[in-house]
Structure formats: C-alpha cells, structure tokens
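# Analysis of the macromolecular model
Now for the letters of each chain:
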Amino acid sequence: MLRKILRNLFKRKSANRISGYYVRSMDSLEKWPDGGVVKYEGVVDNIQADIVTGGDIKTSDNDLSWWFVNDLNPDTMNLLAASVISAYNKKAAEKINFIVIPCSELKDFSLEESPEHAYTAIPALRSAHYDMRGLTYKKVGLLLHIMCLATSKGGGGFIRRIPYDIAFSTLCSVREKGEIDEDKLGDWIRKQLNKTASK
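Throughout what follows, the structure given in this document is the object of discussion.

So, about the packing of helix H4 (residues 74-85) against helix H6 (residues 164-176). Contact geometry for H4 and H6: axes closest at 8 Å, N-to-C directions at 85°. Considering the angle they form, H4 stands roughly perpendicular to H6. Counting all contacts with H4, which are made through Asn78, Leu79, Ala81, Ala82 and Ile85, the residues of H6 involved are Tyr164, Ile166, Ala167, Phe168, Thr170, Leu171 and Val174. Partitioning the contact of H4 with H6 into residue classes produces 10 nonpolar, 2 polar and no charged.

The space that makes up the largest pocket amounts to roughly 1100 Å³. Arg24, Ser25, Asp27, Val84 and Tyr119 are the residues nearest the centre of the largest pocket, which is lined by 35 residues in total. Residue assignment for the lining of the largest pocket shows that the elements contributing at least two residues are strand E1 (21-26), strand E2 (64-69), strand E3 (95-102) and strand E5 (129-133).

With that settled, the discussion passes to the packing of aromatic side chains. Considering all chains together, one arrives at 5 aromatic pairs under this definition. Each ring, one from Tyr22 and one from Phe68, has its centre 5.7 Å from the other, and the planes form 65°; the classification is edge-to-face. Taken as a pair, Tyr22 in strand E1 and Phe68 in strand E2 lie far apart in primary sequence, 46 residues in all. The class of Tyr22 is buried, set by a relative accessible area of 0%. What makes Phe68 buried here is its relative accessible area of 0%. What links up through ring pairs into an aromatic cluster is the set Tyr22, Phe68 and Tyr130.

Reading the values: the criteria
Residues numbered from 1 in each chain as written. Predicted model: local features only at pLDDT ≥ 70, side-chain atom pairs only at ≥ 80, totals over all residues. Heavy atoms only, no water. Axes fitted to C-alpha atoms, helices over the stretch in contact; angles between N-to-C directions. Helix = DSSP H or I, 4+ residues; strand = E, 2+ residues; numbered from the N terminus. Parallel < 35°, antiparallel > 145°, perpendicular 65-115°, else oblique. Contact = heavy atoms within 4.5 Å. Nonpolar A, V, L, I, M, F, W, Y, C, P; charged D, E, K, R; others polar. 1 Å grid on protein atoms, 1.4 Å probe; cavity = no way out; pocket = protein on both sides within 12 Å on 5 of 7 lines; lining within 4 Å. Points joined across faces, edges and corners; volume = space filled by probe spheres on them. Phe/Tyr/Trp six-rings, centres within 6.5 Å; stacked < 30°, edge-to-face > 60°. Buried < 20%, exposed > 50% of the residue type's maximum accessible area, 1.4 Å probe, protein only.

Okay, structure coming up:
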C-alpha cells in the first residue's frame, strides 16, 4: 500500500516539465539575501560565495540534484523530508528546509531522472530524483536568480520547512512497513531509529 501511495505522490506525470515541482533541500537559508527580489544583474553582488562553493547549490560533475513532486501537500513533503534525513550521519537540524520551484520556471534547464544518484534509504523515492545537467557559469547565475525569486515573498517558488520530529516520525512509519533499505541508512539516523524501536 505504501509503495502505491509513494508512486502516486512522486511519479512524474508530464515529460514537458510544465506541471509539478522541483524541490531541493537547503542547509543555508540564512545566507540567502534577506527581503525583496534580487534583480538578475545584482546576483553576483548579493549571493555569498559559500552558497555556491559548498552550500545550497554545490554541484558535482556540473550537475545539481533535485526531487520531483506532483504536489506540495503535507504527506508529500513529510515523505520527502523523511527521505532526506534517512541518510544523515550527523545530528539533524530542528527543521528540514526545502526550496520549491514550479517546473515551468526551470524549462531552460536540462533535468533528467537519475535514481542511481538519489541519496536516500527509501527505495520507492529514488525514481523521484533528478539531476540538473551540464551547468555552466551563466546557467548557475540564472538559477541563482530563480532561487532568489523563490526565497522572496513575491517570487515564483516557495520555501517549505518540515520539523525534524515530523520527518523522523514519518521515517519510523516507513521503516515499520519494511520500505527502508537498511544498508543506505546513515549511521546517526539508524541509531535514532533503533532507540525509538527499542522503547
């Protein structure tokens, strides 16, 4: 039953990237420009280097990881947060932050399904993982601008904050149903799950 629910929540319905959302976890929201929309011409002057070199848009082989979802209802976002924390090897933050971009806003980027790169212990969600391919300096600048719009109140995207307790509770439920790849669990989160299971 859970596997069917997961497929409905995360299965991509449209190949043209018009419907649905791309979602990425964000560890450094406090470093993004605060208040108002940053104009494209001002991105270079307003974005801290840590965001690019080691933070929220750190690339690997010129690719950037995203998740695809059909909707933003609580079940969807809680499962996604559970998926993210399932690989944790360190103490989790109080909230898991996501930036949400409508697919239509990323139509100029190449996004391809890449389940093999999904960093999660929930196998049913791996097909929801996408890589933004072949990023160049120019495209990173455009992406930064889109993400700045999304982090502002008047932008085309959204920020979602999922409390760790809810993400952890969701992950416990998924594990109880046998939908976890135990070998992919992070050491820290496995200890927390085992503590809860032994109570």
